[in-house]
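Close look at the chain arrangement
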Amino acid sequence: MTVKSILATKGRDVATAAPDLSMQDLARALADRRIGAMIVTGGGGEVVGIVSERDVVRALARGGAAALAEPVSRHMTAKVVTCREDHTIVQVMELMTNGRFRHMPVTQDGKLVGVVSIGDIVKHRVAEMENEQKALKEYIASA
Ligand code: AMP
């Protein structure tokens, strides 16, 4: 199963933020949309960073409430690991585990085409394993 099949189910809507959005507005957007991260994009729609709820907590721990007035560009991760639609679920799981993050933007020809979270990955991996198990059982029963 590939990232393409996840996007076919969940859709390609991506929550993005401009680099000058305040941390306060980012926190509000994360809470309103019930998501854990937003992709930071530049004027041309290119990915320039990612900012997650963990970055909000870190900013508050370091700077206190004053950090909420600062732009996301100050607290985002600028070196973003992305994947393509033809990446397998297992490949993305490995990238997320090694990088210790739970969100990954999907790009195609340099364009942002979706985002997958660890929740999407686990859900589809469980379904994939259930299908494999069912196929094995049917194979054994027919032998
Ligand atoms: P998360 O586990 O996704 O909430 O993110 C944990 C930390 O990793 C935060 O500092 C994020 O900015 C960063 N991060 C999240 N996703 C990515 C990614 N795809 N590439 C690089 N850093 C990321």
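Residues numbered from 1 in each chain as written. Predicted model: local features only at pLDDT ≥ 70, side-chain atom pairs only at ≥ 80, totals over all residues. Heavy atoms only, no water.

Take the packing of helix α1 (residues 3-10) against helix α5 (residues 118-142) next. Relative to each other, α1 and α5 sit at 105°, their axes nearing to 11 Å. Comparing the axis directions of α1 and α5 gives the class roughly perpendicular. For the pair formed by α1 and α5, the contact residues are S5, I6, T9 and K10 on the first element and D120, I121 and H124 on the second. (Axes fitted to C-alpha atoms, helices over the stretch in contact; angles between N-to-C directions. Helix = DSSP H or I, 4+ residues; strand = E, 2+ residues; numbered from the N terminus. Parallel < 35°, antiparallel > 145°, perpendicular 65-115°, else oblique. Contact = heavy atoms within 4.5 Å.)

Okay, the site of the ligand next. In the vicinity of the ligand lie 14 residues, with S52, D55, T77, R102 and H103 positioned nearest. S52 has a polar side-chain atom sitting 2.7 Å from an oxygen atom of the ligand. One of the side-chain N or O atoms of R102 is found 2.7 Å from an oxygen atom in the ligand. Computed on the free molecule, the ligand has an accessible area of 480 Å², of which 94% lies beneath the protein chains in the complex. For the shell around the ligand, a count of residues per class yields six nonpolar, three polar and five charged. (Near = heavy atom within 4 Å. Polar contact = N/O pair within 3.5 Å; in protein donor to acceptor, adjacent residues only side chain to side chain. Areas by Shrake-Rupley, 256 points an atom, 1.4 Å probe, with all protein chains shown as cover. Nonpolar A, V, L, I, M, F, W, Y, C, P; charged D, E, K, R; others polar.)

In terms of strand pairing, strand β2 (residues 37-41) meets strand β3 (residues 47-52) through five bridges, oriented antiparallel. The partner of V40 across the bridge, within β3, is G49. Linking β2 to β3, which pair antiparallel, is a turn of five residues; within it G45 sits at a positive phi near 85°. (Pairing = 2+ DSSP bridges.)

Turning our eyes to something else, we now look at a nonpolar patch on the surface. A contiguous nonpolar surface patch, about 200 Å² in accessible area, is contributed by I118, V122 and V126. Along the chain, V126 turns up in helix α5. Among the residues examined, V126 registers a relative accessible area of 41% and is labelled partly exposed. (Patch = residues over 30% accessible without salt bridge, like charges linked within 9 Å, V, L, I, M, F, W, Y side chains within 5 Å. Salt bridge = Lys/Arg side-chain N within 4 Å of Asp/Glu carboxyl O. Buried < 20%, exposed > 50% of the residue type's maximum accessible area, 1.4 Å probe, protein only.)

Strands belonging to one sheet form pairs held by backbone hydrogen bonds; the direction of such a pair is parallel or antiparallel. Taking strand neighbours across the sheet as the criterion, the three strands line up as β1-β2-β3 in an open arrangement whose pairing is mixed. Lying at the two open borders of the sheet, with one neighbouring strand each, are β1 (16-17) and β3. Direction of pairing for β1 relative to β2: parallel, over a ladder of two bridges. In the sheet register, T16 faces β2, and the bridge partner there is I39. Against the sheet, helix α2 (residues 23-33) makes contact with β2 and β3, and its axis sits at roughly 130° relative to β2, the strand it touches most.

For the rest of this paragraph, the subject is the side chain of E85. Looking at the secondary structure, you find E85 in the loop between α3 (53-63) and α4 (89-99). Excluding anything up to four places from it in sequence, E85 contacts T2, V3, K4, L7, R12, V106, Q108 and V113.

For α5, with 25 residues, the first-to-last C-alpha span of 36 Å sits near the 36 Å given by 1.5 Å per residue. For α5, the set of buried residues is D120, I121, H124 and E128. Here the buried face of α5 lies against α1, α4 and β5 (111-117). (Expected span 1.5 Å × (residues − 1).)

Any link to function would need more than the numbers given here.
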